[in-house]
Amino acid sequence: MKLMEQIWEKAKSNKKRIVLAEGEEERNIKACEMILRNGLADIILVGNKESILNKAKSLKVSLEGAEIIDPQTSDKTASYAEKLYELRKNKGMTLEKAEKVIRDELYFGTMMVKENDADGMVSGAIHTTGDLLRPGLQIVKTAPGASVVSSFFIMLVPESSYGEDGLLLFSDCAVNPNPTSEQLASIAISTAETAKGLCNLDPKVAMLSFSTMGSASHELVEKVTTATKLAKEMRADLDIDGELQLDAAIVEKVANLKAPNSNVAGKANVLIFPDLQAGNIGYKLVQRFANAEAIGPITQGFAKPINDLSRGCSPEDIVNVVAVTAVQAQSN
Ligand code: ACO
């Protein structure tokens, strides 16, 4: 079974409540119908009920079974505003400002997740990554054991034997511009957990660098060696190793020469990039040159899942991100 089919089946097996915060947007309305029809999740659309139902009617889409909640009129709005004020008053939030901010669909949707009125949220068809992540970072915050929210891509490389027959996870390619060693260690652990929980992989995590096991000495390499040491100390049960060059990480022959004692080198299926420049360029290189399918960026490390969409996304893309979010929510 293909990976996305597996994720759909898993989502169906234990249905979660997912908020589509951009509920008035047409692709979200179409996606909602598809999600409900396939039984992937229960959906809460955030927005004006009349506007959503009128759009659904003109799109000839049934929203039967979807919940619609309007931040402008909901009886939850006042209590969510108070909660937002309590959470952010040390950061300059006033009750008056919170009452205004909570009417924004992204803040409202995020607060639904925080208050356990939903299990996860998906947005970003019309908002930027930063617009979506900021309320999540401020309200939902990081999961126990994760010091940082990060992102990963599921890379499906056709006709490749690297990773798990061409399946690899890349991180972080979209969120943290320049993680510290501590943050890099946290990203490695989060991605290993994701590889297990979402992709049924036995994670082999390579901490990437331009050096392999001390072949070069530089402060940039030191950041990765320190991260590797920290990650191993935190989770001795996981196969994490580094620092490794990309070829030593994924090519058995090179690994035998450069890192013969490593339990990860040559077999890595999780690649941790040292910073966002490397990660973002790296996934796009593989996507373009190897014709790889890049599923993501999917976030990890939030206390409850919040996921971004590309602004060019299709309704089908939204359905898949909702399925991933629902599976992530099953681990909470
Ligand atoms: N994990 C956990 N908490 C975080 C993180 C993180 N990665 N980043 C910021 N925070 C926290 C801060 O500590 C702060 O908390 P506080 O207000 O309670 O003290 C809060 O979140 C806001 O922090 P800021 O630094 O003010 O947030 P910022 O405005 O910088 O936004 C963001 C954070 C959006 C993640 C930013 O780092 C960013 O824009 N990253 C790059 C996104 C990007 O452009 N990606 C590339 C494109 S995507 C692609 O190509 C697929």
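You'll find the structure just up there.
Residues numbered from 1 in each chain as written. Predicted model: local features only at pLDDT ≥ 70, side-chain atom pairs only at ≥ 80, totals over all residues. Heavy atoms only, no water.

**Describing the sheet that holds strand E1 (residues 17-20)**
What counts is decided by this rule: DSSP calls a pair of strands paired once it identifies at least 2 bridges connecting them. The numbering of helices and of strands both runs from the N terminus, where a helix is a DSSP run of H or I of at least 4 residues and a strand a run of E of at least 2. Helix axes are fitted only over the stretch in contact, all axes being lines through C-alpha atoms; the angle between N-to-C directions runs from 0 to 180 degrees. Working rule for contacts: check all heavy atoms of both residues, and any pair within 4.5 Å makes them a contact.
Across the sheet, five strands lie side by side as E3-E2-E1-E4-E11; this open sheet has parallel pairing. Only two strands of the sheet have a single partner each, and these edge strands are strand E3 (67-69) and strand E11 (306-308). Taken over all neighbouring pairs, the strand axes of this sheet differ in orientation by 25 degrees on average, direction set aside. Bridge analysis of strand E2 (residues 42-46) against E3 gives three bridges, and the strand direction is parallel. Bridge pairing in E3 places leucine 45 opposite isoleucine 68. Across the sheet, helix H2 (residues 26-38) is in contact with E1 and E2; its angle to E2 comes to roughly 165 degrees. On top of the sheet, helix H6 (residues 105-114) reaches E1, E2, E3, strand E4 (120-123) and E11; it is set at about 160 degrees to E4, its chief contact.

**Here's the deal with the side chain of serine 151**
Stated formally: Each residue is placed in one exposure class: buried if its accessible area under a 1.4 Å probe, protein chains only, is under 20% of its type's maximum, exposed if it is over 50%, and partly exposed if it falls in between. Between N or O atoms, a polar contact is any pair within 3.5 Å; within protein, one atom must be a potential hydrogen donor and the other a potential acceptor, and residues adjacent in sequence are included only when both atoms are from side chains.
Assignment of secondary structure puts serine 151 in strand E5 (residues 150-156). With a relative accessible area of 1%, serine 151 lands in the buried category. Of the polar contacts made by the side chain of serine 151, one reaches the backbone nitrogen of alanine 174; its length is 3.2 Å. In contact with serine 151, not counting residues within four places along its chain, are Phe170, Ser171, Asp172, Cys173, Ala174, Val175, Pro297, Ile298, Thr299 and Gln300.

**Notes on helix H7 (residues 129-140)**
Definition in use: A helix's residues, less one, multiplied by 1.5 Å, set its expected span.
An ideal rise of 1.5 Å per residue puts 16 Å on 12 residues; H7 measures up with 16 Å between its terminal C-alpha atoms. Along H7, the residues that are buried comprise Leu132, Leu133, Pro135, Gly136, Gln138, Ile139 and Val140. Buried residues belonging to H7 abut helix H4 (77-88), H6, E4, strand E10 (293-300) and E11. Of the residues one or two after H7, lysine 141 is the one with positive phi, at around 60 degrees.

**Some remarks on the packing of H4 against H6**
For the record, the criterion: For this classification, under 35 degrees means roughly parallel, over 145 means roughly antiparallel, 65 to 115 means roughly perpendicular, and everything else is oblique. Under the scheme applied, nonpolar residues are Ala, Val, Leu, Ile, Met, Phe, Trp, Tyr, Cys and Pro; charged residues are Asp, Glu, Lys and Arg; polar residues are all the others, including Gly.
Contact geometry of H4 with H6 gives a least axis separation of 10 Å together with a crossing angle of 85 degrees. What the angle tells us is that H4 and H6 run roughly perpendicular. In this structure, H4 contributes Thr77, Tyr80, Lys83, Leu84 and Leu87 to the contact, and H6 contributes Tyr107, Phe108, Met111, Met112 and Lys114. When grouped by side-chain class, the residues that make up the contact of H4 with H6 number seven nonpolar, one polar and two charged.

**A short note on the site of the ligand**
We apply this condition: For this description, a residue counts as near a given molecule or strand if any of its non-hydrogen atoms is within 4 Å of it.
Neighbouring the ligand are 17 residues, the closest being Lys91, Arg134, Val149, Ala174 and Asn176. Contact distances for the ligand include 2.8 Å between an oxygen atom and a side-chain N or O atom of lysine 91. Contacts to the ligand include valine 175, whose backbone N or O atom sits 2.9 Å from a nitrogen atom. For the shell around the ligand, the secondary structure elements donating two or more residues are H7 and helix H13 (276-289). A breakdown of the residues in the shell around the ligand according to their chemical character gives nine nonpolar, four polar and four charged.

**Section: the pattern of salt bridges**
Oppositely charged side chains can form a pair if their charged atoms are brought close together. Threshold: Salt bridges are identified by distance alone: a Lys or Arg side-chain nitrogen within 4 Å of an Asp or Glu carboxyl oxygen.
Within the structure shown, the criterion is met by 15 salt bridges. One salt bridge connects aspartate 119 with arginine 17, and the closest N-O pair in it is separated by 3.0 Å. Linking aspartate 119 in the loop between H6 and E4 with arginine 17 in strand E1, this pair joins segments that are 102 residues apart in sequence. Lysine 258 is paired through a salt bridge with aspartate 247; the nearest N and O atoms lie 3.7 Å apart. Remark: aspartate 247 occurs in helix H11 (residues 246-250) and lysine 258 occurs in helix H12 (residues 252-258); sequence separation between them is 11 residues. Judged by relative accessible area, aspartate 247 falls into the partly exposed class, the value being 31%. Among the charged side chains, a salt-bridge network with shared partners connects Glu193, Lys196, Arg235 and Asp237.

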